[in-house]
Amino acid sequence: MGDLGSIKNNSYYANFFYLVSFILYLINTFLNHSMFSSLEIYPLIKIVLFSGVVLFLAIKLVLVDSFSLKELLSYLFAFSLMCLISLNTGDRQLITLIALILGAKNVNFRYIIVTFFITIILLLIFTYLSTLLDIIPNLQYSRIRDGEIKIRNSFGTIYPTVFAAYLQSIVIAYAYLMNERKAFNHLILILLSCISIFLALELADARMSGYSIMLFLVFYYISIIFFRRIYRNKFMSKVISLSYLVGFLVIFYLSYNFNTENTLYLEINNVLSGRLQLGYNAFQEYHIPLLGQTIEFIGFGGSTKEISEELYNYVDSSYLQFMLRYGVLFTILSIASYIILTYKRLKLNDYKFISIIAILTINSMIEDRLLDVSINVYWLLILSFYHTAYIKKDSYS
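Here the residue index of a chain counts from 1 through its sequence in written order. Per-residue local features are limited, in this predicted model, to residues with pLDDT of at least 70; the limit for side-chain atom pairs, both in listing and counting, is 80 or more; totals at the level of whole chains, interfaces and linings are taken over all residues. Only heavy atoms go into the side-chain values, all of them from the structure, while hydrogens and water stay out.

Q: Any chance you could explain the packing of helix α8 (residues 183-203) against helix α9 (residues 207-226) here in plain terms?
A: Axis angle and axis distance: for two packed helices, these are the angle between their axes and the distance between the axes, and together they describe the pair. At a minimum axis distance of 7 Å, the contact between α8 and α9 shows a crossing angle of 160°. When the axes of α8 and α9 are compared, the pair comes out roughly antiparallel. When the axes of α8 and α9 are compared, the crossing they make is left-handed. Seen from α8, the contacting residues are His-186, Leu-189, Ile-190, Ser-193, Ser-196, Ile-197, Ala-200 and Leu-201; seen from α9, they are Arg-207, Gly-210, Tyr-211, Ile-213, Met-214, Leu-217, Tyr-220, Tyr-221 and Ile-224. Helix axes are fitted only over the stretch in contact, all axes being lines through C-alpha atoms; the angle between N-to-C directions runs from 0 to 180 degrees. Helical segments are the DSSP runs of H or I of at least four residues, strand segments are the runs of E of at least two, and each set is numbered from the N terminus. Working rule for angles: under 35 degrees goes down as roughly parallel, over 145 as roughly antiparallel, 65 to 115 as roughly perpendicular, anything else as oblique. Less than a right angle of anticlockwise turn of the near helix away from the far helix marks a crossing as left-handed, whereas a clockwise turn marks it as right-handed. Contacts: residue pairs with any heavy atoms within 4.5 Å of one another.

Q: Sorry if this is basic, but what is going on with helix α3 (residues 42-64) here?
A: In an α-helix there are 3.6 residues to a turn, and that puts residues three or four apart on one side. Residue count minus one, scaled by 1.5 Å, sets the expected span of a helix. Counted at 1.5 Å a residue, the expected span for α3 with its 23 residues is 33 Å, and the 32 Å between its end C-alpha atoms agrees. Residue burial is assigned from relative accessible area. The probe radius is 1.4 Å, only protein chains are included, and a residue is buried under 20% of its type maximum, exposed over 50%, and partly exposed in between. By the burial criterion, the buried members of α3 are Tyr-42, Leu-49, Gly-52, Val-53, Leu-57, Lys-60 and Val-64.

Q: Could you clarify how one ought to interpret the layout of surface pockets in this entry?
A: Over the atoms rolls a probe the size of a water molecule, and its path tells where empty space is left. Here the second largest pocket defines a volume of roughly 590 Å³. As defined here, a cavity is a set of points on a 1 Å grid over the protein atoms alone where a 1.4 Å probe fits but cannot get out. A pocket is an open set with protein on both sides within 12 Å along at least five of seven lines, and residues line them when an atom is within 4 Å of a point. Lining the second largest pocket are 22 residues; nearest its centre among them are Ala-78, Ile-98, Ile-101, Ser-337 and Ile-382. Of all the secondary-structure elements, those providing two or more residues to the lining of the second largest pocket are α4 (69-89), α5 (93-103) and α14 (318-347). Of the residues forming the lining of the second largest pocket, the biggest block, eight residues, is contributed by α14. Taken together, the residues of the lining of the second largest pocket sort by class into 18 nonpolar, three polar and one charged. Grid points are joined across faces, edges and corners, and a volume is the space filled by probe spheres set on the points. In this classification, the charged set is Asp, Glu, Lys and Arg, the nonpolar set is Ala, Val, Leu, Ile, Met, Phe, Trp, Tyr, Cys and Pro, and all remaining amino acids, among them Gly, are polar.

Q: Quick question: what am I supposed to make of the pattern of salt bridges here?
A: Oppositely charged side chains may form a pair once their charged atoms are brought near each other. Take a side-chain nitrogen of Lys or Arg and a carboxyl oxygen of Asp or Glu: if they are within 4 Å of each other, that pair is a salt bridge. What the rule picks out here adds up to 11 salt bridges. Arg-275 is the salt-bridge partner of Asp-316, the closest N and O atoms lying 3.9 Å from each other. Here Asp-316, found in the loop between α13 (275-285) and α14, pairs with Arg-275, found in helix α13; they are 41 residues apart in sequence, far enough to count as distant. Residue class for Asp-316 comes out buried when judged on its relative accessible area of 15%. For Arg-275, a relative accessible area of 15% corresponds to the buried category. Glu-367 is the partner of Arg-275 in a salt bridge, and the nearest nitrogen-oxygen pair spans 3.9 Å. Pair noted here: Arg-275 is in helix α13 and Glu-367 is in the segment after α15 (353-366), with a separation of 92 residues, a long-range link.

Q: Before we go on, may I ask you to explain α4 in this structure?
A: Relative to the 30 Å expected for 21 residues at 1.5 Å per residue, α4 spans 30 Å between its end C-alpha atoms, a close match to the ideal helical length. Here α4 has its buried residues at Tyr-75, Leu-81, Met-82, Ile-85, Ser-86 and Thr-89. Within α4, the buried residues cover an arc of 135° as seen down the axis, which keeps them to one side. When the buried face of α4 is taken as reference, the exposed residues oriented beyond 90 degrees from it are Leu-69, Leu-73, Phe-77 and Leu-87. Read the arc as the range of directions from the helix axis to the C-beta atoms.

Q: Mind showing me how you'd approach the packing of α9 against α15 here?
A: At a minimum axis distance of 8 Å, the contact between α9 and α15 shows a crossing angle of 155°. Judged on the interaxial angle alone, α15 and α9 are roughly antiparallel. Every pair of crossing elements has a handedness; the one defined by α9 and α15 is right-handed. Counting all contacts with α9, which are made through Met-208, Ser-212, Leu-215, Phe-216, Phe-219, Tyr-220 and Ser-223, the residues of α15 involved are Ile-354, Ser-355, Ile-356, Ala-358, Ile-359, Ile-362, Asn-363 and Ile-366. Of the residues assigned to the contact of α9 with α15, the class counts are 11 nonpolar, four polar and no charged.

Q: Could you clarify how one ought to interpret a nonpolar patch on the surface in this entry?
A: Judged by side-chain polarity, Ile-125, Tyr-128, Leu-129, Leu-132, Leu-133 and Ile-135 come together as a nonpolar surface patch covering roughly 590 Å² of accessible area. With respect to the secondary-structure elements, Ile-135 resides in the loop between α6 (109-132) and β1 (140-145). Residue classification places Ile-135 among the partly exposed residues on the basis of a relative accessible area of 44%. Patch members must show over 30% relative accessible area and no salt bridge, and they are joined within 9 Å when carrying like charges or within 5 Å when they are nonpolar side chains of Val, Leu, Ile, Met, Phe, Trp or Tyr. Surface exposure here means Shrake-Rupley accessible area, sampled with a 1.4 Å probe, where a residue is shielded only by the protein chains that are shown.

Q: It is not clear to me how empty space enclosed by the protein should be interpreted in this structure. Could you clarify?
A: In total, this model carries two cavities of 30 Å³ or more according to the counting rule given. Of the volumes computed, that of the largest cavity is approximately 230 Å³. Elements represented by at least two residues in the lining of the largest cavity include exactly α7 (160-177) and α15. For the lining of the largest cavity, the element with the most residues is α15, which contributes five residues. Per-class residue counts for the lining of the largest cavity are eight nonpolar, seven polar and two charged.

Following this line, the structure appears as structure tokens:
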């Protein structure tokens, strides 16, 4: 490896140590979302994997990266704030998130997303094969729709919507990565999307994810057809950058002011499978904290045992979970981060990112996985760099 002086600020080692840490993180988090988490040996595996994440991330931050005093103080403040909120919530997910974001400094995001794409596909295949070998169960849920019983397969994950969310994440990752000037890549994207939509709608009965994939494709092709020179239109870039904030305001207003006597509210609630009602109930039961609070959201997953309507209180919206569980400050910081990130990407003419922020905005209104980097890898674009033939080089490269 050479002497330590040759490692400092070396892009090869920055990418290498971060990607090793990131792969271990993906495996650890994916297994936690799967029925492998029910195996007796899993706690030991989790400790080994998480230790590897911390070790390789620490090596990069200490031996490879260098920081100005301003950067160091800013990063320490951000990390300390996430630790404080985590103590209040009893959830260390924010600590992992901020560590991965800070660790991605000077890392090529293209390597990150390629690693993400390949690793998630391999984990999905491995998990499915494990169900066929009876190593872990394929949990099957059922519900009645249009007078018929619909079987929902989890394929080794803890719940069908988790499986479908991973399918959606690989479709988005491939679309972001691919060279859209080559027709063959579009064929692969459509094929991958059709397979994912079929699995999500027909075998997992995860309608939101299936429809989200379709909607993403619409956004994607609109982006590459009509916004190929988005960096020239500063006004439109600013408007698009605010979409994430608009999504938050819409779902917050609808949930906070939900009224069972209002026909429009009831229709929207029905379309969203009761999400407005559950959000409203949460606002009635819990206050909105500044720096987080402990909340036990009870939902399905990891077991096929029935949960009574009185006990079920799970809030699917990432926006609302941010506000209720992690507090006002984290909600403001996360929204501001995505506004700044979006504007930064559009200034660099990253027109494909329009489709990503659009689908993230919609998914954050109705799904709870925005915080999970194993599904939403785009948090890591905050400090990493990414440019291709159509993206102007940013200041980190």
